[in-house]
Amino acid sequence: MSRIPELLAPAGDILSLKAAVENGADAVYLGIKKLSARAYASNFSPDELEKVIDYAHLRGVKVYITVNTLIKDVEFADAAQILQKIAAYGADAVIVQDIGLISFLREFLPELPIHASTQMTVHNSEGVRLLEDLGVKRIVLARELSLESIRYIREHTQAELEVFIHGALCICYSGQCLFSSMIGGRSGNRGYCAQPCRKQYVVKKNGKEVKLQGNYLLSPKDLNTSEILPFLIESGVSSLKIEGRMKRPEYVAGVVAIYRKLLDRYAANPAGYFVSEEESRILRQLFNRGFTHAYLLGNPRNELMDHYVPSNRGILLGNVNSSSRGRHVSLKLFSPLNVGDGISFSCEGVGETVRKMFFRGKPITSADKDMVIDLVLSNPLSRGSQVYRTSDILLLNNLEKSFTSQTPIRKIPVNLKFIAIKGKNLELKIEDNDNNMVTIVSQYVVEPSRKNPTTEKDIEKQLSKLGNTVFYPVLLEVSSDPDIFIPLKELNNIRNCAVEEMEKLRTQKWKKPFLNFVFSFSPHIKQKAEKPLLCVNVNSIDNLIFAVDEGADIIYYGDENYHSHNKMTLKEVYDTVSRKGGKIYLTTPSIVWDNEMNELQSFIQLALEIGFHGLLVSNLGIIRLVQQIGCNFIVDYPLNIFNHRAVSYFHRLGAEAVSLSPELTLEQISFLGNYGNVECMVHGDLRLMVTQNCIVGSLMGGKNAECSRPCVRNVFSIMDEKGFEFPLRMDENCRTHIFNSRELCLLDDISAFVQAGVPRLRIDARYMSLQKVKAVIGAYKKRLDECIYMQPNSDIACRDISGKYTKGHYFRGVL
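So, here is what we can say about the structure in this document. No experiment lies behind these values; they were computed from the predicted model shown.

### Looking at the overall build of the protein chain
Working step 1: Along the backbone of the protein chain there are 23 helices and 42 strands.
Working step 2: Over its C-alpha trace the protein chain gives a radius of gyration of 31 Å, about what one expects of a compact globule, namely 28 Å for 815 residues.
Working step 3: Its C-alpha atoms put the protein chain at 110 × 75 × 50 Å along the principal axes.
Working step 4: By residue count, 59% of the 815 residues in the protein chain fall in the buried class.
Working step 5: Nonlocal contacts in the protein chain, meaning residues at least 24 apart in sequence, comprise 71% of its contacts between residues at least 6 apart.
Working step 6: Accessible surface for the protein chain amounts to roughly 33500 Å². Of this, 49% is attributable to carbon and sulfur atoms.
Working step 7: With 98 positive and 91 negative side-chain charges, the protein chain shows a spacing of 4 Å between the two charge centroids.

Now the structure itself:
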């Protein structure tokens, strides 16, 4: 039988922590204020952390601290202090997104285990191996992977693997989303996601709006793997993770309790595994946007999304009868209803709490299925509207008891051995199921009984009173002389002392000495370049010719669709660049599954044999592949290089240059230039999302297993409620790439980049017309020359080459 994986639960606050622990979680994950990818959760302060860890460890539960946000250099000193405390307090691991922070931890806190966050977009076995080489203990895999892919990674790697099993899904590969920051300055990569995926959009096809039913086009259903849990257990993963640090504690209690039952049920009888109707109902009632298996069983196509409701839809309660009038609503119940339940309505998109309900004109507090009841609502509701129950007050109250009771539900079994010999000190040994042992020798010397002897039953009764502690006795062995007397006070004292010492042992053994080092920046290693190089992305021979003719120093050739290029085209583009004395690098995809890796590797080797100088890489797995091949490479911005430690790490791996995160300011970029050869994008279409789901195909590709591929013949975009239009580009693997509504343009500010000493500036010309390629590259080349040679600036500006444009975050930054 397969080993049962760890059940890992969210703890957004102290009540959720207790809910997770008391309902059967093996481990919890929780955030530190300002250093968590769920910045809007309550989270915990560093001062609260030690008590929280002790609470969990006392009860046999592991604690993983999320530090899964990108760290600015100005935050590194504070982060280092907090991490010292996390290590000293005995946390079982930290969950990290920032490769620079991982590098720091391996150097300064090597004994603190690291789990790589799903924000690192690890989705292939080579990416796992790279992190293994860096000393990472566990990898949280991307939620886009299939069971087949997970099994392959398990068979070809050594690190622990963790997967999500329940809760909200991101439509974008985690760690690849710039949507929130670009539309409002709130970075999802730093825990401040504004959830643009839960907003309404319309699809435009060839510039014209397409009429669709439901406009929540980027809003996926919630993950629910209860029915397929045996497949995940048998895939060999180490940990099963429940999403929900921003959910209420009752949600945590209910979901954890059910998955605990399901795991125990499988362990007892794998062949007889089932999910009861009541368990399924509770999972739906606690929170659902509709449920999906995501990509675990293959491409879900149109089954992944709910285009109608971006929030909790609850359970259908009934339809408003034709006899209803205005605020007075009559409906036949499909399920029970109680005063205090929450309800919502399909058409109006609002909800409220049931305050009063009537049956045959009389007020009632509860109603059963099939009853026809009357409700008085706050707002009118049209006839035929569907009514949903979004919260069940009785269920919530029952779940609340599980984590608010004064008597712990979760208890640790202990064995007690009591020795009472006349003329000797009392002795009590206590041992738990983790082989922790405490021996207490009392100052009390056992006396002969003068009148009423203390019997073994008296001793057992008193020592068994473990009450509100977390312990319960499974074996109590008493070894005593006959006719002895022990005051009840002495029995209580020795029992209480033993319990107290066992509690200390169970918590203190995890703690470590506080390593009180002072963080400081490494010395600067690089002088500023005199003249920036102009790097240009292209994906066609025609665009390439214009780029090199206008003076591009470096060419990045290709995109996600590498199958469209062959040996002849690669040779032609190489020869074109070489004749102009430039360098050309092959652009590799940001998402490459294991079943795509061999073909891509052959394509890479073909390009290198032709003479390509190296690769542009935006995928951890490809970086490890490049190291094995032994070729030059440049790290691209989807790898989220945010601080000096990340820059230094990739340069130590052998990177020629590092393209920085577009969420950094120019001031931050200038500082990072002291630590290596850095690059930033100054012009072009900035990708905001990459999704495994083909948005267009799921909407208009038909309902058959095979998509009709409407994207091949048409141009698509989505438009938000403010009229901003975001281009969609589907690649050869049917992934969707969503681009910003405004082109990035920094032509007017190039002098600031030159003064800041940025050594490499990039233009993405892949989606420009030939005329625009010529105009844009020519304008930047001229402006750079004007800055370097102190010439007056020409009149051409961003408004002349871009129309609608943005300066990104270079002068405003992100939260």
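From this point, the narrative continues.
### Side note on the packing of helix H5 (residues 125-133) against helix H17 (residues 620-629)
Working step 1: Two numbers describe how H5 lies on H17: the axes approach to 7 Å, and their chain directions differ by 75°. Here H17 runs roughly perpendicular to H5, going by the angle between their axes. Each of Glu126, Gly127, Arg129, Leu130, Leu131 and Asp133 in H5 lies in contact with H17, whose residues at this interface are Leu620, Gly621, Ile623, Arg624, Gln627 and Gln628.
Working step 2: Among the residues forming the contact of H5 with H17, the class breakdown is 4 nonpolar, 4 polar and 4 charged.

### Observations concerning the pairing of strand S33 (residues 632-635)
Working step 1: Here strand S32 (residues 614-617) runs beside S33; their pairing, made up of 4 bridges, is parallel. Opposite Leu615, over in S33, you have Phe633 as the bridge partner.
Working step 2: The pairing of S33 with strand S34 (residues 657-659) spans 2 bridges and is parallel. By the bridge assignment for S34, Ile634 is matched with Ala657.

### Some thoughts on the sheet that holds strand S27 (residues 471-480)
Working step 1: Across the sheet, which stays open at both edges, the 4 strands sit in the order S25-S24-S23-S27 with mixed pairing between neighbours. Both edges of this open sheet fall to strand S25 (437-445) and S27, since each of them pairs with a single strand only. The mean inter-strand angle of the sheet, taken between neighbouring strand axes irrespective of direction, is 15°.
Working step 2: Bridge count between strand S23 (residues 412-420) and S27: 9 bridges; the pairing is parallel. Bridging across to S27, Ile419 finds its partner in Ser479.

### Remarks on the sheet that holds strand S37 (residues 716-720)
Working step 1: In space, the 6 strands of this open sheet follow the order S9-S8-S37-S38-S39-S36, with antiparallel pairing throughout. One side of each edge strand has no neighbouring strand; the edge strands of this open sheet are strand S9 (208-210) and strand S36 (687-691). In this sheet, neighbouring strand axes are inclined to one another by 30° on average, regardless of whether the strands run parallel or antiparallel.

### Some thoughts on the side chain of Arg389
Working step 1: For Arg389, the position within the fold is in strand S22 (residues 386-391).
Working step 2: Here Gln285 takes part through its side chain, which lies 2.8 Å from a polar atom of the side chain of Arg389.
Working step 3: Those residues within four positions of Arg389 in sequence are excluded, and the remaining contacts are Arg281, Gln285, Gly314, Ile315, Leu317, Ser335, Pro336, Leu337, Asp341, Gly342 and Ile343.

### Looking at the packing of aromatic side chains
Working step 1: Enumeration over the complete set of coordinates arrives at 16 aromatic pairs.
Working step 2: Ring geometry for Phe104 against Phe519: centres 5.9 Å apart, planes inclined by 70°, an arrangement best described as edge-to-face. Of this pair, Phe104 sits in helix H4 (residues 99-108) while Phe519 sits in the loop between helix H13 (488-508) and strand S29 (533-538); the two residues are 415 residues apart in sequence, bridging distant segments of the chain.
Working step 3: Judged by its relative accessible area of 0%, Phe104 falls in the buried class.
Working step 4: Each ring, one from Tyr556 and one from Tyr585, has its centre 5.9 Å from the other, and the planes form 70°; the classification is edge-to-face. Within this pair, whereas Tyr556 is found in strand S30 (residues 554-557), its partner Tyr585 is found in strand S31 (residues 583-587), the two being separated by 29 residues in sequence. There is no split in this pair, since Tyr556 and Tyr585 are both buried.
Working step 5: Among the aromatic residues, ring-to-ring pairing joins Phe76, Phe104, Phe108, Phe519, Phe521, Phe671 and Tyr675 into one connected group.
Working step 6: The cationic tip of Lys241 hangs over the ring face of Tyr29; the distance from NZ or CZ to the ring centre is 4.4 Å.

### Observations regarding the pattern of salt bridges
Working step 1: Within this structure, the stated rule accounts for 44 salt bridges.
Working step 2: With its nearest N and O atoms 3.0 Å apart, the salt bridge here joins Arg129 to Glu126. Taken together, the residues span about one helical turn, with Arg129 and Glu126 both in helix H5 at a distance of 3 residues.
Working step 3: Take Arg129: its relative accessible area is 17%, and that puts it in the buried class.
Working step 4: You can call Glu126 buried: its relative accessible area is 12%.
Working step 5: A salt bridge links Arg313 to Asp306; its shortest N-O distance comes to 2.3 Å.

### Notes on the environment of Asn468
Working step 1: Structurally, the position occupied by Asn468 is in the loop between helix H12 (456-463) and S27.
Working step 2: Residues Asn468 and Ser103, spaced 365 residues apart in sequence, show a C-alpha to C-alpha distance of 44 Å.
Working step 3: In contact with Asn468, not counting residues within four places along its chain, are Gln406, Thr407 and Pro408.
Working step 4: Within the local environment of Asn468, its side chain forms a polar contact with the side chain of Thr407, the two groups lying 3.0 Å apart.

### Considering the nonpolar core
Working step 1: Counting 205 residues, the largest nonpolar core has Ile86, Ile555, Phe650 and Tyr780 as its most contacted members.
Working step 2: By residue number, the principal contributor to this core is helix H9 (residues 249-268), which donates 10 residues.
Working step 3: With residues up to four places along the chain from it excluded, the contact list for Ile555 reads Val536, Val538, Leu544, Ala547, Val548, Val577, Lys583, Ile584 and Tyr585.
Working step 4: Core analysis: the next-biggest nonpolar cluster, separate from the first, contains 27 residues, Ile412, Val438, Ile484 and Ile494 among them.

### Quick word on unusual backbone geometry
Working step 1: Positive phi values are uncommon outside glycine, yet Asp370 reaches one of about 80°.
Working step 2: With respect to the helices and strands, the residue Asp370 is situated in the loop between strand S20 (366-367) and strand S21 (372-376).
Working step 3: For Asp370, a relative accessible area of 47% corresponds to the partly exposed category.

### Points about a nonpolar patch on the surface
Working step 1: Taken together, Tyr472, Val474 and Leu475 make up a surface patch of nonpolar side chains, about 270 Å² in accessible area.
Working step 2: In this structure, Leu475 sits in strand S27.
Working step 3: Given a relative accessible area of 47%, Leu475 falls into the partly exposed group.

### A few points about the state of the cysteines
Working step 1: Under the counting rule described, the total for this entry stands at 1 disulfide.
Working step 2: Linked covalently through their sulfurs, Cys745 and Cys798 form a disulfide whose S-S length is 2.3 Å. Here the disulfide of Cys745 and Cys798 is left-handed, its torsion about the S-S bond being about -95°. A residue pair is termed long-range when its members are at least 10 positions apart, and Cys745 in strand S40 (residues 743-745) and Cys798 in helix H23 (residues 798-801) qualify at 53 residues.
Working step 3: Classification of Cys798 as buried rests on a relative accessible area of 0%.

Conventions adopted
Residues numbered from 1 in each chain as written. Predicted model: local features only at pLDDT ≥ 70, side-chain atom pairs only at ≥ 80, totals over all residues. Heavy atoms only, no water. Helix = DSSP H or I, 4+ residues; strand = E, 2+ residues; numbered from the N terminus. Rg over C-alpha atoms; globule rule 2.2 N^0.38 Å. Buried < 20%, exposed > 50% of the residue type's maximum accessible area, 1.4 Å probe, protein only. Contact = heavy atoms within 4.5 Å. Areas by Shrake-Rupley, 256 points an atom, 1.4 Å probe, with all protein chains shown as cover. Lys, Arg positive; Asp, Glu negative; His and termini not counted. Charge placed at Lys NZ, Arg CZ, Asp CG, Glu CD. Axes fitted to C-alpha atoms, helices over the stretch in contact; angles between N-to-C directions. Parallel < 35°, antiparallel > 145°, perpendicular 65-115°, else oblique. Nonpolar A, V, L, I, M, F, W, Y, C, P; charged D, E, K, R; others polar. Pairing = 2+ DSSP bridges. Polar contact = N/O pair within 3.5 Å; in protein donor to acceptor, adjacent residues only side chain to side chain. Phe/Tyr/Trp six-rings, centres within 6.5 Å; stacked < 30°, edge-to-face > 60°. Lys NZ or Arg CZ within 6 Å of the ring centre and 35° of its normal. Salt bridge = Lys/Arg side-chain N within 4 Å of Asp/Glu carboxyl O. Core = buried A, V, L, I, M, F, W, Y, C linked by side-chain atoms within 4.5 Å. Patch = residues over 30% accessible without salt bridge, like charges linked within 9 Å, V, L, I, M, F, W, Y side chains within 5 Å. Disulfide = S-S within 2.5 Å.

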